[in-house]
Amino acid sequence: MQKKFLVSLTATATAFSMLVAPSLTAFAEDAAAEDVTTPINITSEEKEVVVESVTVDTGNSAITVSIPDGSVTVNTDVNTSGSNGTTTKTYTDGEKTYNTSSPAIVVSAGNVEVGGNVNAAGDDQTGITAGSYGTNDKAEVTVDGKVSANGIGISARGENTTVEVGSVNSGDDAISAFDGSTVIVNGDAISTGAVGTISSGEYNKETKQREKVTESYYGSGIDTDGSSNIFVDGNVIGVNTASVGIYQSKSDHDNNEEQGKIIITGTISNSDDNRSRISFGYSSYRDNEGNEIKPTYKDVDDVLKSIPELTIYEMDKENITVGRPLAEDATVTYKDVYDAVVKTINYIIKQDTESQEKYGLKLTEDNKNVTPIYGPHGETYDTVNLKEAFKVAANVPEGYEVTAGENVTVTNNGDGTFTLVLNNVKGGINVKVTAIVKTTENTDGSQSYEVVVENVTPSYADPAQAPAGAIVVSNTVSAADTPSQIAAISGTKPARTVSYNMSSITPIQYKESIISNVAAAPQGGAMNIETDRVACLDSKMIAAIASRPDIDVNVVFTYGGKKLKVTIPAGYDVNSLLDEYGYCGFLRLMSILGSTEL
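Conventions and cut-offs
- Residues numbered from 1 in each chain as written.
- Predicted model: local features only at pLDDT ≥ 70, side-chain atom pairs only at ≥ 80, totals over all residues.
- Heavy atoms only, no water.
- Phe/Tyr/Trp six-rings, centres within 6.5 Å; stacked < 30°, edge-to-face > 60°.
- Helix = DSSP H or I, 4+ residues; strand = E, 2+ residues; numbered from the N terminus.
- Buried < 20%, exposed > 50% of the residue type's maximum accessible area, 1.4 Å probe, protein only.
- Lys NZ or Arg CZ within 6 Å of the ring centre and 35° of its normal.
- Contact = heavy atoms within 4.5 Å.
- Core = buried A, V, L, I, M, F, W, Y, C linked by side-chain atoms within 4.5 Å.
- Pairing = 2+ DSSP bridges.
- Axes fitted to C-alpha atoms, helices over the stretch in contact; angles between N-to-C directions.
- Polar contact = N/O pair within 3.5 Å; in protein donor to acceptor, adjacent residues only side chain to side chain.

## Comments concerning the packing of aromatic side chains
Alright, step 1. Evaluated as defined, the whole model comprises three aromatic pairs.
Alright, step 2. Summarising the aromatic geometry, the rings of Tyr 359 and Tyr 400 are spaced 5.8 Å apart at their centres and angled 45 degrees between planes, so their arrangement reads as tilted. With Tyr 359 in helix 4 (residues 353-359) and Tyr 400 in strand 35 (residues 400-403), this residue pair connects regions lying 41 residues apart in the sequence.
Alright, step 3. With relative accessibility at 33%, the residue Tyr 400 sits in the partly exposed group.
Alright, step 4. Taken together, a centroid distance of 5.2 Å and an interplanar angle of 40 degrees make the contact between Phe 557 and Phe 586 tilted. Placement of the pair is Phe 557 in strand 45 (residues 552-559) and Phe 586 in helix 8 (residues 586-593), with a sequence separation of 29 residues.
Alright, step 5. Its relative accessible area of 0% is what places Phe 557 among the buried residues.
Alright, step 6. Over the aromatic face of Tyr 313 sits the side chain of Lys 350, whose NZ or CZ is 3.9 Å from the ring centroid.

Okay, structure coming up:
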């Protein structure tokens, strides 16, 4: 296992109650690594532990390290499940109780290395919590594989904390990084959404709450105060909230907290077309008198000092929100601030490898608007800002042209160079030499011409491009060919059953698959949706179900260590299931329609 990068990093410290249970506290250094099924706790004296794997099914943490010289190496996987507590949330329409679990890995000081994956399958369970509020100890976590979690994927806090993983797929925020921490994800950072609370309406200072408090379903790809260094070598996807949320507090603003660097090499997208892909906002709280305590900004420079260096490749929608509150005596407008902030975003210039090799495509040497940005592993990304021109050179044969994506204008300078300008905040600069038309010689000597159109469906949105086994579809048409496990869900009705490994697919692949498979369900039969974690249905999925009043829809998921089924009967008014934000989480569905244990 090789440690890659490392600027110190610290993770979110959450208070946990540790079960008084047997735990592994030491291992002989020369002993063969074993598979262990009890928590590893290194909290009081120096220890180095090496194990093959860790599996804990009680909702407790699999690994806890809280001393600077503590070290745990896991050669393969860390697997956790179950729950060890509950939490009750109060909504306008009453209270609800939810199961909870401790994070799979907790490192406030010390080092943990995992050679495989971290599978935090406990209820609302965080994958990795690194660093702490009160100390500045060095805390490092390295996971060669994927972090899958029903709660937050990675929670990191503190300038001496570093977390590096292969990829993240979580229910709640994929990355939560604060206070100068460093998080490196060598793949995608994806949230599939988790139960949360949304407050709306006027704030009542007497009751100290807003007019309406409701349950909803959301999760960011990245949630940060802007001070952390975050690198994602892949896509970032959010659900029902900003995909990348950068929120500064009043104390951080007043203390001029140093801002970090964020690099995202893939596509920033969201399950909701209308949600912000990037949000520059603020965090606030209420004092004892009920007054909102929030940062205010006096001018454009004040705002620009409060945001991190942001480098991205592209967004699927041009949704950027700049919501930094201006002081009462500010002399600038919100439009001034928005325009200035957007101009600071660095857009990665990608160049097609084949075009470089065949046509000599390259950036020219006189590009004063091109800025190199350096990644954590020594990578260099050439970048440019919105509306700023840059030049490339290429040997373009007749019938070919230089293109760079739908958001870039290209001007042929007539001397073997081309001037390009990014005109849309979506980005997506991908420079290549492409054929203008395709000419085909017919057998009769004539020629046919076909315009070359590239496939523009991104892999993160196409269910067919999900990893093998992540989406499994089966059809049954009679009692004779219905396996017992499907019969337990939909009886002897003809059924289309789709099983989802939520940690291996994106929210958009999940949505598109639900919509297409509902349409393909047998007439008068059933559509069975089976997931390995609590998920949700959004308004478009519900619309697809509404268009099929002839079928039952059975939703099967695991919660509290039980496999539960909720049935939406044929003809049910499914639109009534949606909350005011256009979502219906599985727990909400269960509270309305009830459930049966399979």
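## Structural notes on the environment of Ile 345
Alright, step 1. Relative to the helices and strands, Ile 345 is located in the loop between helix 3 (334-343) and strand 30 (346-351).
Alright, step 2. Separated by 290 residues in sequence, Ile 345 and Thr 55 have C-alpha atoms that sit 43 Å apart.
Alright, step 3. Non-local contacts of Ile 345, meaning those with residues more than four positions away in its chain, are made with Leu 310, Ile 312, Ile 320, Val 384 and Asn 385.

## Quick notes on the nonpolar core
Alright, step 1. In terms of nonpolar packing, the biggest core is built from 88 residues, with Ile 63, Ile 320, Phe 390, Ile 429 and Val 431 touching the most fellow members.
Alright, step 2. If we skip the residues at most four places from it in the chain, Val 431 touches Ile 349, Lys 350, Gln 351, Asp 352, Leu 361, Phe 390, Val 392, Val 402, Thr 403, Ala 404 and Leu 420.

## Here we look at the pairing of strand 8 (residues 94-100)
Alright, step 1. Of the strand pairs in this sheet, strand 7 (residues 85-91) and strand 8 are connected by seven bridges, and their pairing is antiparallel. Residue pairing in the sheet places Thr 88 in a bridge with Thr 97 of strand 8.
Alright, step 2. Counting the residues that bridge the hairpin from strand 7 to strand 8 gives two residues.

## Considerations on the sheet that holds strand 34 (residues 389-393)
Sheets are built from strands paired through backbone hydrogen bonds, the pairs being either parallel or antiparallel.
Alright, step 1. With antiparallel pairing, four strands are arranged side by side in an open sheet as 31-34-37-36. The open sheet has two edge strands with one neighbour each: strand 31 (362-363) and strand 36 (408-412).
Alright, step 2. By the bridge criterion, two bridges tie strand 31 to strand 34 in an arrangement that is antiparallel. Note that in strand 34 the partner of Leu 363 across the bridge is Val 392.

## Considering the sheet that holds strand 46 (residues 562-568)
Alright, step 1. One open sheet accounts for six strands, arranged 41-42-43-45-46-48; its pairing is mixed. One side of each edge strand has no neighbouring strand; the edge strands of this open sheet are strand 41 (471-476) and strand 48 (596-597).
Alright, step 2. Against the sheet, helix 8 contacts strand 43 (526-531), strand 45 and strand 46, and its axis sits at roughly 65 degrees relative to strand 46.

## Some remarks on unusual backbone geometry
Alright, step 1. Residues other than glycine seldom take positive phi values, yet Asp 124 does so here, at roughly 55 degrees.
Alright, step 2. Mapped onto the elements, Asp 124 comes out in the loop between strand 10 (118-120) and strand 11 (128-131).
Alright, step 3. For Asp 124, a relative accessible area of 43% translates into the label partly exposed.

## Observations concerning the environment of Asn 385
Alright, step 1. Of note, Asn 385 is situated in the loop between strand 33 (380-384) and strand 34.
Alright, step 2. As for Asn 385 and Asp 550, which are separated by 165 residues in sequence, their C-alpha atoms are 52 Å apart.
Alright, step 3. Excluding residues that lie within four positions of it along the chain, Asn 385 makes contacts with Lys 343, Thr 344, Ile 345 and Asn 346.
Alright, step 4. A polar contact is formed between the side chain of Asn 385 and the side chain of Asn 346, at a distance of 3.2 Å.

By themselves, these figures tell us nothing about what the structure is for.
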